[in-house]
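Descriptive analysis of the structure
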Amino acid sequence: MAESGMKWYVLRAVSGKEAKVKEYIDAALKHDANLAANINQVLLPTEKYAMLRNGKRVVKEKLYLPGYVLIEADLHGEIAHDLRFMPNVL
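What this report covers is the structure whose coordinates are included nearby. (Residues numbered from 1 in each chain as written. Predicted model: local features only at pLDDT ≥ 70, side-chain atom pairs only at ≥ 80, totals over all residues. Heavy atoms only, no water.)

When its secondary structure is counted, the protein chain shows three helices and five strands. Its helices and strands in sequence order give the protein chain the pattern β-α-α-β-β-β-β-α, from N to C terminus. Burial analysis of the protein chain (90 residues in total) assigns 23% to the buried set. Contacts in the protein chain between residues far apart in sequence, at least 24 positions, make up 68% of those at least 6 positions apart. A total accessible area of about 6,400 Å² is found for the protein chain, and carbon and sulfur atoms account for 52% of it. Each charge class in the protein chain was averaged separately, 13 positive and 11 negative side chains, and the resulting centres sit 14 Å apart. (Helix = DSSP H or I, 4+ residues; strand = E, 2+ residues; numbered from the N terminus. Buried < 20%, exposed > 50% of the residue type's maximum accessible area, 1.4 Å probe, protein only. Contact = heavy atoms within 4.5 Å. Areas by Shrake-Rupley, 256 points an atom, 1.4 Å probe, with all protein chains shown as cover. Lys, Arg positive; Asp, Glu negative; His and termini not counted. Charge placed at Lys NZ, Arg CZ, Asp CG, Glu CD.)

As a further point, take the environment of Val-42. Assignment of secondary structure puts Val-42 in strand E2 (residues 39-43). In this structure, Val-42 is in contact with Lys-22, Ile-25, Asp-26, Val-69, Leu-70 and Ile-71, ignoring residues within four places of it in sequence.

Laid out in structure tokens, this is it:
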């Protein structure tokens, strides 16, 4: 694999608003070419689990690190500042 200079970082978010933070970052990536060039992936750490409901097996997802959003990025210049001051990011 080629070395891209990107590293994984963790953003702290308001608990329960992780999906909203991901939406804000994805929307910013569409409108800001500099941000899109320096951010590769935005992930929410989720896990699948099965439960029985009314005798049927239901598979659901839940966050196993609530309050955190994972980002693969090259943080330099204004990139870290732009991410830090997005809504619901601590």
